[in-house]
Amino acid sequence: MKKIVLLLIPIVIVVLLWNQLSSSDADTSKVASYEQAKKSTQAAAATKAAKLRARIAPIDCAGAPDAAVLNDELPEVLQRILSIDCYQNGHRIQSLKGEAWLLRIEAQGPVILPFFYALKAQVVDDLAEENYTVSHDVHFTVVEHKVLGRDEGLAVFANVPDSVVLPNAKTLPVETFMEVKAINQDEVESRLYIALLSEPAKGIDQRFFRAFGFGCKPDCDYGNLFKIMQFDEITTPSTIPPHELKVGEQK
């Protein structure tokens, strides 16, 4: 019996050592797999961030086709209001340098998220389907404007919902109502309606703006007005009381 026990002891030791080594190898393998997955995730995130930066970074408009309308071809009155800029996902009509066309600002905890407006030459029903590599292939072939009479302008802006958070064309010092029509390379027409003020006005968020408007791409988004303001105006958090943030609240 003693001999059998003595024979079994080395076997048991070998089995225990084998299990320990196997377990150690498995743990090492798990750590290696985790590190590899972590590196792959980080690499994918870095690639995605790089693509996003490329999408929002302007590109040189010099390579645009002859049919594309660029800034220096705009009438002077439009050059004082908007600019045409070129991006990987096509040309856009947007704010002048130093200004912003601000739709709204939302707070996500301590983070303040501004939303900007731009009229894109690329018209898509679903943003998920937007091609970000079209560059100059998507551009505006026509950009023209028309000054509206006061009654006509007020009639256009009468479609805007009556809300304390939206500018009111009837009560603000509107100096000029303007319609801007833009047509892209596929003959799709979009429009901007802009109300230019005789002097800057201050909204309930305590930010000053010199004009406001909405876009039609091609359907008009009356309830989503943008304000044209100095970019510095949006660097501070909104001071709108929470109970005044309800869009549609009557004045």
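Scroll up to find the structure.
Peer 1: Help me understand the sheet that holds strand β9 (residues 208-216) in this model?
Peer 2: Sheet strands line up and pair through hydrogen bonds in the backbone, either parallel or antiparallel. Pairing in this open sheet of seven strands is antiparallel, and the strands run β4-β3-β10-β9-β8-β7-β6 from one edge to the other. Pairing within the sheet leaves two strands with one partner each, and these edge strands are β4 (111-116) and β6 (140-148). Ignoring which end each strand starts from, the neighbouring axes of this sheet average 35° apart.

Peer 1: Would you take a moment to explain the state of the cysteines for this structure?
Peer 2: Linking two cysteines covalently through their sulfur atoms gives a disulfide. For the coordinates displayed, the defined rule picks out two disulfides. In this model Cys216 forms its disulfide with Cys220; the gap between the sulfur atoms is 2.0 Å. Disulfide Cys216-Cys220: torsion about the S-S bond near 95°, hence right-handed. A residue is classified by how much of its surface remains accessible, and Cys216, at 0% relative accessible area, is buried. Taking only the cysteines that form disulfides and numbering them from first to last, the protein chain has the pattern 1-2, 3-4.

Peer 1: Can you walk me through the pairing of strand β1 (residues 83-87) in this structure?
Peer 2: Walk down a regular strand and you will see the side chains alternate between the two sheet faces. In terms of burial, β1 is a largely internal element, four of the five residues being buried. Taken together, the five bridges between β1 and strand β2 (residues 90-94) define a ladder with antiparallel strand orientation. Of the residues in β2, the one forming a bridge with Cys86 is His91. Linking β1 back to β2 in an antiparallel pair, the connection comprises two residues.

Peer 1: Help me out: how do you make sense of the pattern of salt bridges in this one?
Peer 2: Pairs can form between side chains of opposite charge whenever their charged atoms are close. Under the defined criterion, the tally for this structure stands at six salt bridges. When the shortest N-O distance is used, the salt bridge between Glu144 and Lys181 registers 3.1 Å. Here the residue Glu144 occupies a position in strand β6, and Lys181 occupies one in strand β7 (residues 174-184), the gap between them amounting to 37 residues. Among the residues examined, Glu144 registers a relative accessible area of 38% and is labelled partly exposed. For the salt bridge of Arg191 with Glu189, the shortest nitrogen-to-oxygen distance reads 3.7 Å. Accessibility expressed as a relative area gives 22% for Arg191, which makes it partly exposed. On the basis of relative accessible area, Glu189 is assigned to the partly exposed category, the value being 34%.

Peer 1: Sorry, what's going on with the nonpolar core here?
Peer 2: If you look at soluble globular proteins, the nonpolar side chains tend to sit buried side by side. Ranked by size, the top nonpolar core spans 24 residues in total, and within it Ile93, Trp101, Val143, Leu192 and Ile194 carry the most contacts. When residues no more than four places from it in sequence are discounted, the contact partners of Ile93 are Leu82, Ser83, Ile84, Trp101, Ala118, Leu119, Phe140, Val143, Ala182 and Leu192. With 23 residues, the next largest nonpolar core counts Leu148, Val156, Ala201 and Phe214 among its residues.

About the thresholds
- Residues numbered from 1 in each chain as written.
- Predicted model: local features only at pLDDT ≥ 70, side-chain atom pairs only at ≥ 80, totals over all residues.
- Heavy atoms only, no water.
- Pairing = 2+ DSSP bridges.
- Helix = DSSP H or I, 4+ residues; strand = E, 2+ residues; numbered from the N terminus.
- Axes fitted to C-alpha atoms, helices over the stretch in contact; angles between N-to-C directions.
- Disulfide = S-S within 2.5 Å.
- Buried < 20%, exposed > 50% of the residue type's maximum accessible area, 1.4 Å probe, protein only.
- Salt bridge = Lys/Arg side-chain N within 4 Å of Asp/Glu carboxyl O.
- Core = buried A, V, L, I, M, F, W, Y, C linked by side-chain atoms within 4.5 Å.
- Contact = heavy atoms within 4.5 Å.

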